[in-house]
Each structure stands twice: as structure tokens, then as C-alpha cells.
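So the chains spell out like this:
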Amino acid sequence: MMFVFADPSQLWLEIPTQIQEKSWQQSQPFSSPSRRWRAYLNRVCLDVFLPWLQEEYAPNAKVFPNVKALESLWEATNGTAITVGEKRLVLIPTEAVDDGELRVPQEWLDIPSWAGDYYLAVQVNPDEQWIRVWGYTTHEKLKQEGCYDARDRAYSLDKDELICDLSVLWVAQQHCPQETTQAAIAPLPTLPKVQAENLIQRLGNPEVTFPHLAVPFKLWGALLENENWRKQFYQKRLGRVSQAAQLGQWFGDLFETGWQSVESAFPESRNLATRFRRAASEAEVERVKLIALDSESEGQTVVLSMGLSETDDDRVRVRLQLHPQRGNDYLPTGVRLVLQSEEGKVLKQVEARSRDNFVQIPSFKCFPGFRFRVQVKLDKVSVTEDFVV
């Protein structure tokens, strides 16, 4: 659906409820609430704008560099790129009501392989469920006429300097395909492996709130431009943020970030909710968490389910299961659910076969204070969660 509001030259698109819910679920595996929210806005923006673009102007438009890379990009910065033929659009979403300027992170202009041709200012309103593309400009104009702010390493351009009618962009592409849209971009240095590993170790600590400001931009940009190092940076920040969940608090309705009830995680999926309910007893406290596995062969998200119940001998019964994400009938073949001791010794593990719609570790009982780990593994990728009962 397209809206017609006060300024008909601007593009207004509806956010379907299904996209909104799916985007929120997919935006959980990030190192902080602010990055989770940033990923959510980017995901909503992309999932609404791209289908419209493919239907109206560019059927072959696709995400740059690829869908699997989005999480590592959004952990590092704001913005999403789309390739349209030989040109690249960069969506810069914000929920701010004030549209006085377009503000673009430096990464999207000064990392040579990331640079776009056109930069689109997008307001996202999750409450009223719409997005608004209110202006665009080119890389060349941002670099030559924009204001660079070293405090947050971003280029900005006043609203009056933007073109508000997006149809002008498509006309220009049709009649002036050779139009110069990019300014010259200085190359970034090639990082030695040892230096890159040191940067990942340092900046991968989630206590470093603004990693993009912690080192000179040339080092930061060179690290991000290498897809493998960027993924390691992302995984490091997720791994370092994972601390032992206090399971005893679950009986008092206190849950760590990321753990949701089945109903809130899958509000429209009755079949999945029923499948979870069958395994849970009435006295059991149950929560689920989305686990993102960025495998080399295929990016996957699975659902880790944990159920807790108190026993008559003052112990706690723990039930562990792994389910496919909503929209998938089966788990990825070969994904493993592993129960480990605090020291990392494997206690139990189970591997999904083809067409398994869930796997589970046999339930076990333990006393309060017991520590253990749960690991989800697929190919060379693993995600570990620590717990204390």
C-alpha cells in the first residue's frame, strides 16, 4: 500500500504487521539494546522498500553485499545498501520526526567497496506502521557540499539540498545513466592479520560502546571492509556479551534480555506454540531465544527453548529443545544442541537429521548454584549460552 499525505512527491509505504513482527524477531542477536533497535529499523526499512522497488522499477534489485552480511553491518553502523544494475542505493533509516537534514555514517562514503551512488533519507514510524522516503542525494554532493562531523564521523546535508521527489532518480537513471554520482574515494590500508586480530579483540568487547570512534577511521574502515574480519568482530561482541543467565530468577518472572515467552515470540504461529506446549508441564517456566547462526553454507536462525520446573527434592528440572524459526518446517540438517559443563566438557548432545522439526536434550535435574553451558553449532559456527541455576 502507498500513502498520500501532505507532500505527494514523497514516498509513503505501509509496514505490514507480519513484516514488523518478523523484523523484531530477526533483530534480537545484537550486542546492546541500541544496536538491536537500529537493526530493527533497518530491517523494517529494507523489507518494505525493497519489494516496492522490485515491483515498480527494478525487478533485479538486491541487497548488498548479501543478506547474510546484514547483522555484521548493523552491529557496526546504520544503513542498508541495495544494488540496482550498476548503481547502488543506500537507505539511511531513522525514527526521528525532525527531517532537517540527512546524516550518513562515514562508513557508507569512505569505505571504497561500500560507497553508494544515491543516499535515501527514510523516516520509520513503527507505531503508525509506515515509512517515508523524504529525500535523496548523491555521494558526490555529500562529499563536496555536505558537512563532516568528526564527533560521530558522519556527513550531513540540509533538507533544502536534497531532492524530495524519488521519481526524479528513476528518470535520471533512464535518461542519464552515465551521470557522475560518486566523488573520488581514497583507498584504505591493507591490515596485517595480526593487527586485524588485535583490533577484533579490542573492539569486539561490548563494553566499548562506540567502537567506530575508538580507533582512526582508516583502521576501522579497513577492518569492516574485510567481510571475514567484520563477521569475527560481530561474533566477538555477541560472545563477550553473553554472561551466565540467572535461572533461579525465572521463577520470579525476571528474565534476561532476549528470552521471550512463546506467545510473544510467535504470536501468529499456533502450530509452533502448540508444539512447545506439548513438551511443557503446567508448573514449568518456559522461555525461548532466537539464535543466529551465520554459516558459510547457509545463514540460519533457530529457536532455543528452555523449560524449568521445581522438584520435590529442592532441585530444578531443566528441559532443553531446539526448534526451527517460524516459517521453516525443519531444522537445518546437522545443527547440534550441546549440553556442556562449566569447564566446557560435553555432557550430552543431539544432532538434527533431515526433516527433524525439533531436537531435545533429555531433561535433567540439578541443585541451585549448578552452572552449565548450552551450545548451538552448525558447520564451523557456534553460539554458546552460559547458565547458573
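Keep in mind it's a predicted model, so treat the numbers as computed, not measured.

Definitions and limits used
Residues numbered from 1 in each chain as written. Predicted model: local features only at pLDDT ≥ 70, side-chain atom pairs only at ≥ 80, totals over all residues. Heavy atoms only, no water. Helix = DSSP H or I, 4+ residues; strand = E, 2+ residues; numbered from the N terminus. Rg over C-alpha atoms; globule rule 2.2 N^0.38 Å. Buried < 20%, exposed > 50% of the residue type's maximum accessible area, 1.4 Å probe, protein only. Lys, Arg positive; Asp, Glu negative; His and termini not counted. Charge placed at Lys NZ, Arg CZ, Asp CG, Glu CD. Contact = heavy atoms within 4.5 Å. Pairing = 2+ DSSP bridges. Axes fitted to C-alpha atoms, helices over the stretch in contact; angles between N-to-C directions. Parallel < 35°, antiparallel > 145°, perpendicular 65-115°, else oblique. Left-handed = near helix turned anticlockwise from the far one by under 90°. Nonpolar A, V, L, I, M, F, W, Y, C, P; charged D, E, K, R; others polar. pLDDT = per-residue confidence, 0-100. Salt bridge = Lys/Arg side-chain N within 4 Å of Asp/Glu carboxyl O. Core = buried A, V, L, I, M, F, W, Y, C linked by side-chain atoms within 4.5 Å. Disulfide = S-S within 2.5 Å. Polar contact = N/O pair within 3.5 Å; in protein donor to acceptor, adjacent residues only side chain to side chain.

K.L.:
What's the story with the overall build of the chain in this structure? I'm lost.
P.N.:
Broken down by element type, the chain carries 11 helices and 19 strands. The C-alpha atoms of the chain give a radius of gyration of 23 Å, which matches the 21 Å a tight globule of 389 residues would have. Across its three principal directions, the C-alpha atoms of the chain cover 75 × 50 × 40 Å. Here the chain holds 389 residues, and 51% of them are scored as buried. Of the charged side chains in the chain, 44 are positive and 53 negative, and the gap between their average positions amounts to 8 Å.

K.L.:
Which parts of the structure should I look at to understand the environment of leucine 347?
P.N.:
As for its position among the elements, leucine 347 is in strand E16 (residues 346-351). Judged by its relative accessible area of 40%, leucine 347 falls in the partly exposed class. With 132 residues separating them in the primary sequence, leucine 347 and valine 215 have C-alpha atoms 42 Å apart. Contact partners of leucine 347, with chain neighbours within four places excluded, come to Leu339, Gln340 and Ser341.

K.L.:
Whenever I open this one, the sheet that holds strand E9 (residues 147-149) confuses me. Can you help?
P.N.:
Picture the strands of a sheet paired through backbone hydrogen bonds; they go either parallel or antiparallel. Here 3 strands make up an open sheet; going across it, the order is E6-E10-E9 and the pairing antiparallel. Every interior strand has two partners, whereas the edge strands, strand E6 (101-105) and E9, have only one. Each strand axis lies, on average, 25° off the axis of its neighbour in the sheet, ignoring direction. Where E9 lies against strand E10 (residues 154-158), 3 bridges are found, and the strand directions are antiparallel.

K.L.:
What should I look at first to understand the packing of helix H1 (residues 17-26) against helix H2 (residues 33-56) in this one?
P.N.:
Helix-helix packing: each pair is described by the crossing angle between the helix axes and the interaxial distance. Their axes nearest at 9 Å, the elements H1 and H2 cross at an angle of 140°. Accordingly, the angle class assigned to the pair H1 and H2 is oblique. As H1 packs across H2, the resulting crossing turns out to be right-handed. Together, Ile19, Gln20, Ser23, Trp24 and Gln26 of H1 and Trp37, Tyr40, Arg43, Val44, Asp47 and Val48 of H2 make up the contact between the two elements. Residue composition of the contact of H1 with H2, by class: 6 nonpolar, 3 polar and 2 charged.

K.L.:
Please explain the sheet that holds strand E18 (residues 371-378) as it appears in this structure.
P.N.:
Spatially, 5 strands are ordered E11-E19-E18-E15-E16 in an open sheet, and the strand pairing comes out mixed. Every other strand in the sheet has two partners, leaving strand E11 (245-246) and E16 as the edge strands with one partner each.

K.L.:
Would you mind going over the confidence of the model for the chain with me for this structure?
P.N.:
Regions with low pLDDT should not have their predicted coordinates read in detail. Across the chain, the average pLDDT comes to 87, with 91% of residues at or above 70. Per-residue pLDDT, averaged within each element of the chain, yields its smallest value for strand E1 (residues 2-3) (48) and its largest for helix H4 (residues 107-110) (98). Across residues 1-5 the pLDDT falls below 50, and counting only partners more than four positions away or on other chains, this stretch makes 13 contacts in the model.

K.L.:
Explain the side chain of serine 309 to me, please; I cannot follow it from the model alone.
P.N.:
Within the secondary structure layout, serine 309 lies in strand E13 (residues 299-310). Beyond its immediate chain neighbours, meaning those up to four positions away, serine 309 contacts Phe251, Ala283, Glu284, Arg315, Val316 and Arg317.

K.L.:
Explain the packing of helix H7 (residues 193-203) against helix H8 (residues 217-225) here, please?
P.N.:
Contact geometry for H7 and H8: axes closest at 11 Å, N-to-C directions at 100°. As the angle between them shows, H7 and H8 are arranged roughly perpendicular. Residue-level inspection shows Gln195, Ala196, Leu199, Ile200 and Leu203 of H7 in contact with H8, the latter providing Leu219, Trp220 and Leu223. Class assignment of the residues belonging to the contact of H7 with H8 gives a composition of 7 nonpolar, 1 polar and no charged.

K.L.:
I tried to follow the pattern of salt bridges on my own but got confused; where do I start?
P.N.:
Proximity of charged atoms lets side chains of opposite charge pair with each other. Going through the model one piece at a time under the given rule, you end up with 18 salt bridges. The salt bridge partner of arginine 103 is glutamate 101, with a shortest N-O separation of 3.1 Å. When its relative accessible area of 33% is taken as the criterion, glutamate 101 is described as partly exposed. Because the salt bridges share partners, they merge into one network encompassing Glu101, Arg103, Asp149, Arg151 and Asp152.

K.L.:
Before we go on, may I ask you to explain the nonpolar core in this structure?
P.N.:
Side chains that are nonpolar tend, in soluble globular proteins, to be buried together. If you look at the biggest cluster of nonpolar residues, it comprises 70 residues, and the most contacted ones within it are Phe49, Leu53, Leu120 and Leu166. Of the residues forming this core, the biggest block, 11 residues, is contributed by H2. Apart from residues no more than four positions distant in its own chain, leucine 53 is found in contact with Ala58, Ala61, Ile82, Val84, Leu89 and Trp170. Counting residues in hydrophobic clusters, the runner-up holds 32 residues, among them Val302, Leu304, Val318 and Val389.

K.L.:
Please clarify how the state of the cysteines should be interpreted in this entry.
P.N.:
What we call a disulfide is simply a covalent bond connecting the sulfur atoms of a pair of cysteines. This model, assessed by the stated rule, comprises 0 disulfides. Residue cysteine 45 stays outside any disulfide, its sulfur separated by 18 Å from that of cysteine 164, the closest cysteine. Under the relative-accessibility criterion, cysteine 45 is labelled buried at 1%.

K.L.:
Would you mind showing me how to read the environment of arginine 319 here?
P.N.:
Within the secondary structure, arginine 319 sits in strand E14 (residues 316-324). On the basis of relative accessibility, which here comes to 6%, the residue arginine 319 falls in the buried class. Side chain to side chain, arginine 319 and glutamate 286 meet in a polar contact 3.1 Å long.

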